[in-house]
Amino acid sequence: MVAWLFRCFFAALLVLGLAWFHQARSQRLPRIDLARQEGRLILGNGAEPATLDPSIATGVPEHHLFDALFEGLTAGMVEKPDAQGPGVATHWDTDDFTTWVFHLRKDARWSDGQPLTAQDFVWSWQRILSPELASEYAEMLYPLRGARAFNLGESQDFSTVGVKALDAHTLKVELDGPAPYFPSMLRHYSWHPVPRHVIERFGRMTDRDTPWTRAGNLVGNGPFQLKEWRFTHSITVEKNPHYWDAKQVRLKEIVFLPIVSDATEERAFRDGQLHKTESLPLAQVPVYREKHPEFYHEHALLSTYFYRVNVAKPPLNDKRVRRALALSIDRAGLIRNVLRGGQKPTTGFTPPGAGQGYTPPDMLRFDPEEARRCLAEAGYPGGKGFPNFEILINTLESHRTIAEALQEMWKKHLGIKVTVTNQDWGVYLNSQKNLQYDVCRAGWVGDYLDPFTFLSIWQTGNGNNQTGWGNVRYDELMQASLLERDTRKRLELLKEAETLLLDELPVLPIYWYVRSQLIRPELKGFKASLLEHCCYKAWYFEP
């Protein structure tokens, strides 16, 4: 009996000692080191996502999450994240780039273990194209034969849309015209399947913002599944055991932190709270580039930083006023003296390298004298009588810095007064959508490798237009480009459309992006992407 009591006593001491040791060790190790040992990646993700529904989302923070939670017919390759490799489809066939047949893998599963079939894609594409859902990205599917008519309510018969499940694992797609870039388009989350069996449990096909996207309800088909969503605090995803390529996934969890302030994010990285940042304060770029190159990463993006102009508001409805604003922006000076991150001044809207050998028009320049002439011609010589207007930005120090630089340029060169107003991400998106702004900061990351992804959004009524601008000739050129089979002629149509856009200037392009961010050297497998794709299943920690 005594021996048994001694054994219990020493066992208790051992348990307490181990607990104390683990707690002491936890207190000594930085958060990122503990997370690394547990296979948990912690990264900054900008703003709180507005939704986790791929059919109604529009933002980059959502895009990063969807790369973890969902997967389309095609997916990124481990070494080349912008290349098109197998996703839900193992392979695909086409003879004319207009009719495509996708062969789905037999082991495709939703994260709840339910089979994923070709009919899931048919239903998902019907959902996003349904007028009642009012998806801002519905136009992304317009290359499908009959998609535009169905989305606009001109047809109520979805069987007229060019998608059909030939059987459970074969999907036939028919387009309006040839699109060699179509597999690249399918990487975008608007084409991703969504779980009918879950969505209909919480409402109708076209109900928005139902509880299906909450933790415990959301079902996806990506390498990770939603574990926890603590609003404005964090979103945690965990490895999805039903993912077809689960053996390739080496991380156990990813924690996405909605850190709006890039200065706060940089401090969190410096304090050992993050493995990777989403951005970097402009003033810190040269510091990290020169003194801490082991952390600093810089890569080009297929992306344009620009300002939307609400053309429904006088005097911004006058093209001469918009031209004056554009001509008085010293883009090269802004990059050289303020940004200092390797950005390129825009000469058009579409970035170089958008695909198909397209070269954007060279139309934007800094010419304050011509700007003053245009403003005077519009009735505001020297800025006299010009009403004050606001630049709307979403909350981020770098956006305010840029806005204040343009504020000073317009005051100096045009004699007009501008104020800067910031809003949190969700409110900002809503103001932009409802045209509750004068001039609004914006950015556009290419959705696929083709200039159409940058130019299509300015068509009349496009959900991502959000400027109030429309032009019949522009719309005709864009639609003609979808039907043109000759690549050279197609690019000429797109260039004519962009030339018209830059003449009308419902947008003020400022620079072509470069992504500057901080990444811990122990995080491996990260590959830069022009399109902001994240191949999380390739990421891992060095032992």
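Okay, so let's go over this structure. Here the residue numbers are simple positions, counted from 1 along each chain's written sequence. A pLDDT threshold of at least 70 governs which residues receive local features in this predicted model, and a stricter bar of 80 or more applies before side-chain atom pairs are shown or counted, although totals over entire chains, interfaces and linings include all residues. Where side-chain values are given, they derive from all heavy atoms of the structure, hydrogens and water being excluded.

**Notes on the overall build of the protein**
A count of helical and extended segments in the protein gives 17 helices and 18 strands. Across its three principal axes, the protein shows a C-alpha extent of roughly 105 × 55 × 40 Å. When each of the 543 residues of the protein is scored for burial, the buried share is 57%. Contact between two residues is taken to exist if any of their heavy atoms lie within 4.5 Å; hydrogens are not considered. For the protein, the proportion of contacts with a sequence separation of at least 24, taken over those separated by at least 6, is 70%. Residue exposure ignores everything except the shown protein chains as possible cover, and the areas themselves are Shrake-Rupley values with a 1.4 Å probe. As presented, the protein carries roughly 22,700 Å² of accessible surface, and 52% of it is formed by carbon and sulfur atoms. Only DSSP runs of H or I with at least four residues qualify as helices, and only runs of E with at least two residues qualify as strands; both kinds are numbered from the N terminus onward. When a residue's accessible area, from a 1.4 Å probe over protein chains only, is under 20% of the maximum for its type it is buried; when over 50% it is exposed; and in between it is partly exposed.

**Digging into the environment of Glu397**
Along the chain, Glu397 turns up in helix H13 (residues 397-414). Between the alpha carbons of Glu397 and Ser261 there is a distance of 6.5 Å; along the sequence they are 136 residues apart. In this structure, Glu397 is in contact with Ser261, Asp262 and Ala263, ignoring residues within four places of it in sequence.

**Side note on the nonpolar core**
Throughout this description, the term nonpolar core refers to a set of buried Ala, Val, Leu, Ile, Met, Phe, Trp, Tyr and Cys residues connected via side-chain atoms within 4.5 Å. With 148 residues, the main nonpolar core has Trp125, Leu129, Leu171, Tyr307 and Trp410 as its most contacted residues. Leu257, Leu274, Val285 and Leu518 belong to the second largest nonpolar core, which has 14 residues in total.

**With respect to the sheet that holds strand E5 (residues 99-104)**
The strand order across the open sheet built from four strands is E4-E5-E7-E6, with neighbouring strands paired in antiparallel fashion. The strands lining the two open edges of the sheet, one partner per strand, are strand E4 (89-94) and strand E6 (163-167). On average, each strand axis in the sheet is tilted by 20° relative to the strand beside it, whichever way the strands run. Convention adopted: a line fitted to C-alpha atoms gives each axis, helices being fitted over their contacting stretch, and angles between N-to-C directions are expressed from 0 to 180 degrees. Taken strand by strand, helix H4 (residues 118-129) contacts E5, E6 and strand E7 (170-174), and its axis lies near 165° from that of E6. Strands are treated as partners if at least two bridges between them are detected by DSSP.

**With respect to unusual backbone geometry**
Peptide bonds are mostly trans, and most non-glycine residues show a negative phi. Note the cis peptide between Pro314 and Pro315, where omega equals 0°. Mapped onto the fold, Pro315 is located in the loop between strand E11 (296-309) and helix H10 (319-327). The phi angle at Asp209 is positive, at roughly 55°, despite the residue not being glycine. Residue Gln466 is not a glycine yet carries a positive backbone phi of 55°. On the secondary structure map, Gln466 appears in the loop between helix H15 (452-455) and helix H16 (472-483).

**Focus on the pairing of strand E15 (residues 439-445)**
Burial runs high along E15: six of the seven residues are buried. Relative to E15, E11 runs antiparallel, the two being bridged by seven bridges. Along E15, the bridge assignment pairs Tyr305 with Gly443. Pairing analysis gives two bridges linking strand E13 (residues 389-394) to E15, with the strands arranged parallel. Residue Ile391 lies in a different strand from E15, and its bridge partner there is Val439.

**Describing the packing of helix H11 (residues 331-339) against H13**
Two numbers describe how H11 lies on H13: the axes approach to 11 Å, and their chain directions differ by 130°. Judged by the angle between their axes, H11 and H13 are oblique. For the crossing formed where H11 meets H13, the hand is right-handed. Note on element contacts: H13 touches H11 through Thr401, Ile402, Ala405, Leu406 and Met409, opposite Leu334, Val338 and Leu339. Polarity classes work like this: nonpolar for Ala, Val, Leu, Ile, Met, Phe, Trp, Tyr, Cys and Pro, charged for Asp, Glu, Lys and Arg, and polar for all others, with Gly in that last group. A breakdown of the residues in the contact of H11 with H13 according to their chemical character gives seven nonpolar, one polar and no charged. Angle categories: roughly parallel below 35 degrees, roughly antiparallel above 145, roughly perpendicular from 65 to 115, and oblique for all the rest. When the near helix sits turned anticlockwise from the far one by under a right angle, the crossing is termed left-handed; a clockwise turn instead gives a right-handed crossing.

**What about the pattern of salt bridges?**
By convention in these notes, a salt bridge is any Lys or Arg side-chain nitrogen within 4 Å of a carboxyl oxygen on Asp or Glu. Scanning the entire structure with this criterion turns up 26 salt bridges. A salt bridge links Arg373 to Glu370; the nearest nitrogen and oxygen atoms lie 2.8 Å apart. Of this pair, Arg373 and Glu370 are both found in helix H12 (residues 368-377), three residues apart, which corresponds to roughly one turn of the helix. Exposure remark for Arg373: the relative accessible area of 42% places this residue in the partly exposed category. Where Arg473 meets Glu496, a salt bridge forms, and the shortest distance between an N and an O atom there is 3.0 Å. Placement of Arg473 in helix H16 and of Glu496 in helix H17 (residues 487-504) is noted, with a sequence separation of 23 residues between them. One continuous salt-bridge network, built from bridges that share partners, spans Asp318, Arg320, Glu370, Arg373 and Glu377.

**A closer look at H11**
For H11, every residue scored as buried is listed here: Arg331, Gly333, Leu334, Ile335 and Leu339. Packing partners of the buried residues in H11 comprise H10, strand E12 (344-345), H13 and strand E16 (507-518).

**Examining the packing of aromatic side chains**
Centre distance within 6.5 Å is the pairing criterion for rings of Phe, Tyr and Trp, where only the six-membered ring of Trp is used; planes under 30 degrees apart are then read as stacked, over 60 as edge-to-face, and the remainder as tilted. Here the structure, examined in full by the defined rule, presents 32 aromatic pairs. Residues Trp92 and Phe102 carry aromatic rings whose centres are separated by 6.0 Å and whose planes lie at 40° to one another, so their mutual orientation is tilted. Here the residue Trp92 occupies a position in strand E4, and Phe102 occupies one in strand E5, the gap between them amounting to ten residues. Every member of this aromatic cluster is reached through a ring pair, and the members are Trp92, Phe97, Trp100, Phe102, Phe121, Trp125, Phe182 and Trp191. A ring is scored as having a charge over it whenever the NZ atom of a lysine or the CZ atom of an arginine sits within 6 Å of its centre and within 35 degrees of its normal. Directly above the aromatic system of Tyr540 lies the positively charged group of Arg250, at a separation of 3.8 Å from the ring centroid. The ring of Phe269 has Arg520 sitting right over it, with the charged end atom 4.0 Å from the ring centre.

**With respect to the sheet that holds strand E10 (residues 253-257)**
Spatial ordering of the open sheet is given by E1-E10-E9-E8, a layout of four strands whose pairing is mixed. In this open sheet, the two edge strands, each paired with only one partner strand, are strand E1 (40-44) and strand E8 (224-230). With strand direction ignored, the average angle separating the axes of adjacent strands in the sheet is 20°. The sheet contact formed by E1 and E10 spans five bridges and is parallel. Opposite Arg40, over in E10, you have Glu253 as the bridge partner. Docked against the sheet, helix H3 (residues 60-69) engages E8, strand E9 (234-239) and E10, running at close to 135° with respect to E8.

**Observations concerning the environment of Pro183**
In this structure, Pro183 sits in helix H6 (residues 182-185). When the C-alpha atoms of Pro183 and Tyr448 are compared, they prove to be 8.8 Å apart, with 265 residues separating the residues in sequence. Beyond its immediate stretch of four places on either side in the chain, Pro183 contacts Thr74, Gln84, Trp92 and Trp100.

**Some remarks on the side chain of Thr350**
Position of Thr350 relative to the elements: it lies in the loop between E12 and H12. On the basis of relative accessible area, Thr350 is assigned to the buried category, the value being 0%. Setting aside residues up to four positions removed in sequence, Thr350 forms contacts with Tyr358, Pro360, Pro451, Phe454, Leu455, Glu498 and Trp512.

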